[in-house]
Amino acid sequence: MDVLSINQKINISRSDGRVHLARIVKLDGSGKPLVTVEWREGQLTRGKEMALDTVIRLNPQIYGTPSGNRAEAASTNAMASIAPRPANGQHPQHFSLNVNGFVMPRLTAGNTALSAVVTATPRRPVPIPQDDVVLEIERLRMQRERRRQLNAQARAQRQWCKNSHAGNPNWEVARMLRLYRLQMDMQPTAEAEAEGSERSRSPKQHQILVCVRKRPLNQREQNQHELDVVSVPNKELLVVHEPRKQVNLTKFLEHHNFRFDHTFDEKCSNAQVYEHTARPLVRHIFEGGMATCFAYGQTGSGKTHTMGGEFSGKQQNCRDGIYALAARDVFANLLLPGYAHLGLTVGCSFFELYGTRVYDLLVAGKPQLRVLEDGQQHVQVVGLTEESVTSTDEVLALLELGNSVRTSGQTSANSKSSRSHAVFQIVLRTSDRRQLHGKFSLIDLAGNERGADNCSANRLTRLEGAEINKSLLALKECIRALGRQSAHLPFRGSKLTQVLRDSFIGGKKVRTCMIATITPGLRSVEHTLNTLRYADRVKELTPHLPTRGKMKPVLDMDSSIVSHTSSLPDIPNQVNQLNRVSSTASLPELEPDGHLNDVCSIWNAYSTGRALEDDNLEYFNQATDNYIQPKESPRSASGP
């Protein structure tokens, strides 16, 4: 600022880019150094204020700044102390500045007073502090670049996974299933049987036995790239992986855990299923008991395959079904020393329940039968044929005859679906008085269906589905009442439970086995869950899933980019586990830092509520069954 003076001519820059001379009229060094200049344009006088760094950049000859360092001097905004101009018109002495800002005389041709040449070192640029807005913009730019890089990697990974599952539209679900199963501690049922341990060989002895069998994917499902969404970790647990979507359309798997008395994977044969389900019941009927074994499941899940035998095309081999295996053991036990002295005879009957009607399958023409109660309130099927048999071949002949005339139809899930409940009974009677010693009822239930699947079917098919679901619901309630040792059994709820009344009443002499068959395909996941929930309500057990370390939620591969938060798939199932009450259920295990008192309080309160609800239902059923409508008086009947 000391170099400049009033009325001095300097170069200025206009807004349109022009550069011309102007006269200094004011110098302001109080705050930010400003220089006010004026110039003439025709008859007008114009002016403007300029910053000192702009004046230095446009007038390097005044400050002695070389042209190569103009930008550096302007960027550092440094102000040099320049000696004042000489007065009285004397020649100005030439000066130069050193790095510290001191004025040094400049050597000229006529100046010999200085004996040395002073050289100035180059000035280091001072970093300009950046504004917070600039820093925030830079941070956002780096985040955007990093996000684009992650998205590019994710797209490349998705494309690789899609190419590895060529032709499979559900390749994302297949990937999540594979990742989840790697974390599970899998022990297939066939391997557990091969170990030969005493615990795995001996079947369980329970009054109510609930087992689940998973069938393999058939050829049609494999051709359609159907996914297996059911896992069997060991011989008691079963997990259903249901594909779901979050609100932001992120795909994830919801894992439904179930525990039963025994689970069979797709590698188990009919002989292995029979060993743990129906074989213990054969010895029970020789001890004077009543036994029931029935197969329940979706249409096409393998009920007829399990009970009747394997299919070779459209021909069924009845020798490896539970019917034939049970008959073979019955005749084998007749020869044992413990039962030979009883003098028992074997009789077989085979009938079906189609809707509310009962048909005999061992008589030509399949006549309709009546179900009545005698004077002792015992349910009798009037006119039912009971054939005496002496060998397994005769039983197989009766099975082939009955299966050939059994009612079947076409549904949305199966081209040849069983539309009736088939009941095959093996009856043991004493040879002298023909009294009933034991009875084994083997039931192949009709396939359960949803009303939404039959909305496009005709009226007859819809009525069939309604009757089937009604009878299955009544059967479940009877089995639950049997497990709770309830005084009231609602066997009059359907014709099926009415016919099987002897299998529910008798206390410890009655034993029941349920085989739930499920389809592992992705398209049948809702039917599979309905079947498993039905079986779980019969006998409720708390599942504890074995894992390899800590389980992690398996989400879609974009979930780490879109969002890092998701609902854990096992949380709803853990809540459902707490809401299960049964005589065989166990309290869920707590974490080391869990609140035992709070959980026990919730459990006890819920148990009390469920017990009161069951008592009220039992009282209502008893009042309904014992209710007798009052007869009208003759006067009221005749009228006034």
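Now for a quick tour of the structure.

Reading the values: the criteria
Residues numbered from 1 in each chain as written. Predicted model: local features only at pLDDT ≥ 70, side-chain atom pairs only at ≥ 80, totals over all residues. Heavy atoms only, no water. Phe/Tyr/Trp six-rings, centres within 6.5 Å; stacked < 30°, edge-to-face > 60°. Helix = DSSP H or I, 4+ residues; strand = E, 2+ residues; numbered from the N terminus. Buried < 20%, exposed > 50% of the residue type's maximum accessible area, 1.4 Å probe, protein only. Pairing = 2+ DSSP bridges. Axes fitted to C-alpha atoms, helices over the stretch in contact; angles between N-to-C directions. Salt bridge = Lys/Arg side-chain N within 4 Å of Asp/Glu carboxyl O. Contact = heavy atoms within 4.5 Å.

1. Here we look at the packing of aromatic side chains
Evaluation of the coordinates by the stated rule reveals six aromatic pairs. The interplanar angle of 45 degrees and the centroid separation of 5.4 Å between the aromatic rings of tyrosine 323 and phenylalanine 424 together place this pair among those described as tilted. Placement of the pair is tyrosine 323 in helix H12 (residues 322-334) and phenylalanine 424 in strand S22 (residues 421-430), with a sequence separation of 101 residues. Under the relative-accessibility criterion, phenylalanine 424 is labelled buried at 1%.

2. With respect to the sheet that holds strand S4 (residues 44-51)
The strand order S1-S2-S3-S4 describes an open sheet built from four strands, whose pairing is antiparallel. Of all the strands in the sheet, just strand S1 (9-13) and S4 have a single pairing partner and so form its edges. Averaged over all neighbouring strand pairs, the angle between strand axes comes to 45 degrees, with direction disregarded. Here strand S3 (residues 34-41) runs beside S4; their pairing, made up of eight bridges, is antiparallel. Bridge pairing in S4 links threonine 36 to glutamate 49.

3. Quick word on the pairing of strand S2 (residues 19-28)
Taken residue by residue, a regular strand's side chains alternate between the two faces of the sheet. Bridge count for S1 against S2 is five bridges, and the pairing is antiparallel. What sits directly across from lysine 9, in S2, is arginine 23. Hairpin connection of S1 to S2: five residues between the antiparallel strands, including glycine 17 at a positive phi of 100 degrees. Where S2 meets S3, five bridges bridge the pair, whose relative direction is antiparallel. When the sheet's bridge partners are listed, leucine 27 is paired in S3 with valine 35.

4. What about the pattern of salt bridges?
This structure, assessed with the given rule, holds 24 salt bridges. Residue arginine 328 is joined to aspartate 329 by a salt bridge in which the shortest nitrogen-to-oxygen separation is 3.8 Å. The class of arginine 328 is partly exposed, set by a relative accessible area of 44%. By relative accessible area, which is 11% here, aspartate 329 ends up buried.

5. Remarks on the environment of leucine 217
Residue placement: leucine 217 occurs in the loop between strand S7 (208-214) and helix H8 (219-223). Measuring from C-alpha to C-alpha, the distance between leucine 217 and leucine 227 comes to 8.6 Å, with ten residues separating the pair along the chain. Not counting residues within four places of it along the chain, the set of residues in contact with leucine 217 comprises Gln222, Glu226, Leu227, Asp228, Pro520 and Gly521.

6. A few points about unusual backbone geometry
Only a minority of non-glycine residues have a phi that is not negative, and only a minority of peptide bonds are not trans. Non-glycine residue asparagine 7 carries a positive phi angle of around 70 degrees. You can see asparagine 7 is positioned in the segment before S1. A residue is classified by how much of its surface remains accessible, and asparagine 7, at 48% relative accessible area, is partly exposed. For lysine 366, which is not a glycine, the phi torsion comes out positive at approximately 50 degrees. Its place among the elements puts lysine 366 in the loop between strand S16 (357-360) and strand S17 (368-373). By relative accessible area, which is 21% here, lysine 366 ends up partly exposed.

7. Points about the pairing of strand S9 (residues 237-245)
Pairing of strand S8 (residues 230-231) with S9 involves two bridges; the strand directions are antiparallel. Note on S9: the bridge partner recorded for serine 231 is valine 239. Relative to strand S10 (residues 251-259), S9 is paired through nine bridges, and the arrangement is antiparallel. Paired with leucine 237 across the bridge in S10 is arginine 259. The antiparallel pairing of S9 with S10 creates a hairpin that spans five residues between the two strands, and leucine 249 there sits at a positive phi of about 65 degrees.

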